[in-house]
Amino acid sequence: MKVETLHPWPATPGEAEEIQQKLRPLLDLDSPGPAAPRTVAGLDVAYEKGTDRLAAAVVVLDAATLQPLEESVVIGAAAFPYVPGLFAFRELPALVEALKKLTVTPDLLVCDGHGLAHPRRFGLACHLGVLTGLPSLGVAKTHLLGSHEPVGERRGSSADLRHEGQVVGRVLRTQDGVRPVYVSVGHRIGLENACRQVLALSPRYRLPETTRRADRLSRRALEQRGSR
DNA sequence: GCGACAG
DNA sequence: ATCTTGTCGC
């Protein structure tokens, strides 16, 4: 698939923040998003212990059956130091390369990290949404920004994530009794729909099948590249 | 000034 | 993210 050319790469955290501020206005936060996407892509990255080597993976699933339709992996290097709020700059180049190799264009991108629930409202999911032009959402395993009321123990229970009076995402329980995940919109999708999609993608485990599959693929690729 | 801080 | 054994629970 086609992906927007990567903007000039930031050399400092300050420059990285400028890029986020500049791209932020390009977000479409009004579209409800696809009601019944046919294909959904999961993205994730695995890192090698001591080095800066990484493997970025994308797995496209049939949204109805959750069966994999296409996979793409690329070995690369972390493109930026880890700084909370600038996390996307580590994985973006490798993820973009992996996306470019896809022969199909997914209807939705499910990213591993936050979207709008970000210090400058421009997390990884937003960034990837703008670069690809595709609907995107973020599913994070831990909190970054915002506060919320307690979430019910049953699957499907949720609570709005609010920050400075704005709803930036939703804390969603995807299975009975498990820790909830943090869902936030990235681009061209509404929070309501985003949560629906995440639940549909998580029939059995805490994390959506999309990210679970991408996670496995990225680690496999890393260890294979490491055992030679 | 003291925590919090996606992966 | 990654480093790591046993252990609690269905």
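Here is what the cut-offs are and how they apply
Residues numbered from 1 in each chain as written. Chains lettered and ligands numbered in written order. Predicted model: local features only at pLDDT ≥ 70, side-chain atom pairs only at ≥ 80, totals over all residues. Heavy atoms only, no water. Phe/Tyr/Trp six-rings, centres within 6.5 Å; stacked < 30°, edge-to-face > 60°. Buried < 20%, exposed > 50% of the residue type's maximum accessible area, 1.4 Å probe, protein only. Lys NZ or Arg CZ within 6 Å of the ring centre and 35° of its normal. Helix = DSSP H or I, 4+ residues; strand = E, 2+ residues; numbered from the N terminus. Near = heavy atom within 4 Å. Polar contact = N/O pair within 3.5 Å; in protein donor to acceptor, adjacent residues only side chain to side chain. Expected span 1.5 Å × (residues − 1). Bend = angle between axes of the 7 residues up to and from the residue. Contact = heavy atoms within 4.5 Å. Nonpolar A, V, L, I, M, F, W, Y, C, P; charged D, E, K, R; others polar. Pairing = 2+ DSSP bridges. Axes fitted to C-alpha atoms, helices over the stretch in contact; angles between N-to-C directions.

Asks: I keep staring at the packing of aromatic side chains and nothing clicks. Help me out?
Replies: Here the distance between the centres and the angle between the planes together describe a pair of aromatic rings. Summed over the entire model, instances satisfying the criterion amount to 3 aromatic pairs. Seen from their ring centres, F80 and F89 are 5.7 Å apart, and the 45° between their planes marks the pair as tilted. Both residues of the pair, F80 and F89, count as buried. Taken together through their ring pairs, the aromatic side chains of W9, F80 and F89 make up a single cluster. Residue placement shows R212 over the ring face of Y205; its charged tip is 3.7 Å from the ring centre.

Asks: What should I look at first to understand the environment of G85 in this one?
Replies: Structurally, G85 is set in the loop between strand 3 (68-77) and helix 2 (88-100). Accessibility expressed as a relative area gives 7% for G85, which makes it buried.

Asks: Looking at this model, I keep getting lost on the protein's contact with DNA strand C. Mind explaining?
Replies: Surveying the vicinity of DNA strand C reveals the residues A46, Y47, K49, K141 and R219. When the atoms of DNA strand C within 4 Å of the protein are sorted by group, sugar and phosphate make up 100%. K141 is positioned such that a nitrogen or oxygen atom in its side chain is 3.2 Å from a phosphate oxygen of DNA strand C. Within the contact set of DNA strand C, a phosphate oxygen lies 3.3 Å away from a side-chain nitrogen or oxygen of R219.

Asks: Before we go on, may I ask you to explain helix 2 in this structure?
Replies: For helix 2, with 13 residues, the first-to-last C-alpha span of 17 Å sits near the 18 Å given by 1.5 Å per residue. Along helix 2, the sharpest change in direction is near 25° and occurs at A94. In terms of residue burial, helix 2 counts as a mostly covered element, since 10 of its 13 residues are buried. Taken as a whole, helix 2 has its buried residues at A88, F89, R90, E91, L92, A94, L95, V96, A98 and L99. Packed against the buried residues of helix 2 are helix 1 (13-23), strand 1 (39-47), strand 2 (53-62), strand 3 and helix 3 (124-132).

Asks: Please clarify how the protein's contact with DNA strand B should be interpreted in this entry.
Replies: Close to DNA strand B lie 16 residues, the nearest being Y82, D112, H114, K141 and T142. At the protein interface, 53% of the atoms of DNA strand B within 4 Å belong to sugar or phosphate. Here a sugar or linking oxygen of DNA strand B and a side-chain polar atom of D112 are 3.1 Å apart. A distance of 2.8 Å separates a phosphate oxygen of DNA strand B from a polar atom in the side chain of T142. Per-class residue counts for the surface near DNA strand B are 7 nonpolar, 7 polar and 2 charged.

Asks: Help me understand the pairing of strand 1, please; the structure alone is not making it clear to me.
Replies: If a strand is regular, its side chains alternate between the two faces of the sheet. With 8 of 9 residues buried, strand 1 is to be regarded as a mostly interior element. Strand direction decides the pairing type here: strand 1 and strand 2, joined by 9 bridges, are antiparallel. Along strand 2, the bridge assignment pairs D44 with A57. Joining the antiparallel neighbours strand 1 and strand 2 is a turn of 5 residues.

Asks: Sorry if this is basic, but what is going on with the sheet that holds strand 2 here?
Replies: In a beta sheet, neighbouring strands are held together by backbone hydrogen bonds and run either parallel or antiparallel to one another. Strand order in the open sheet formed by 8 strands is 3-2-1-4-5-8-7-6, and the pairing between neighbours is mixed. Looking at the sheet topology across the chains shown, the edges are occupied by strand 3 and strand 6 (158-163). Averaged over all pairs of adjacent strands, the angle between their axes in this sheet comes to 25°, without regard to strand direction. Set on the sheet, helix 2 makes contact with strand 1, strand 2 and strand 3; between it and strand 2 the angle comes to about 45°. Against the sheet, helix 5 (residues 209-226) makes contact with strand 1, strand 2, strand 3 and strand 4 (108-112), and its axis sits at roughly 140° relative to strand 2, the strand it touches most.

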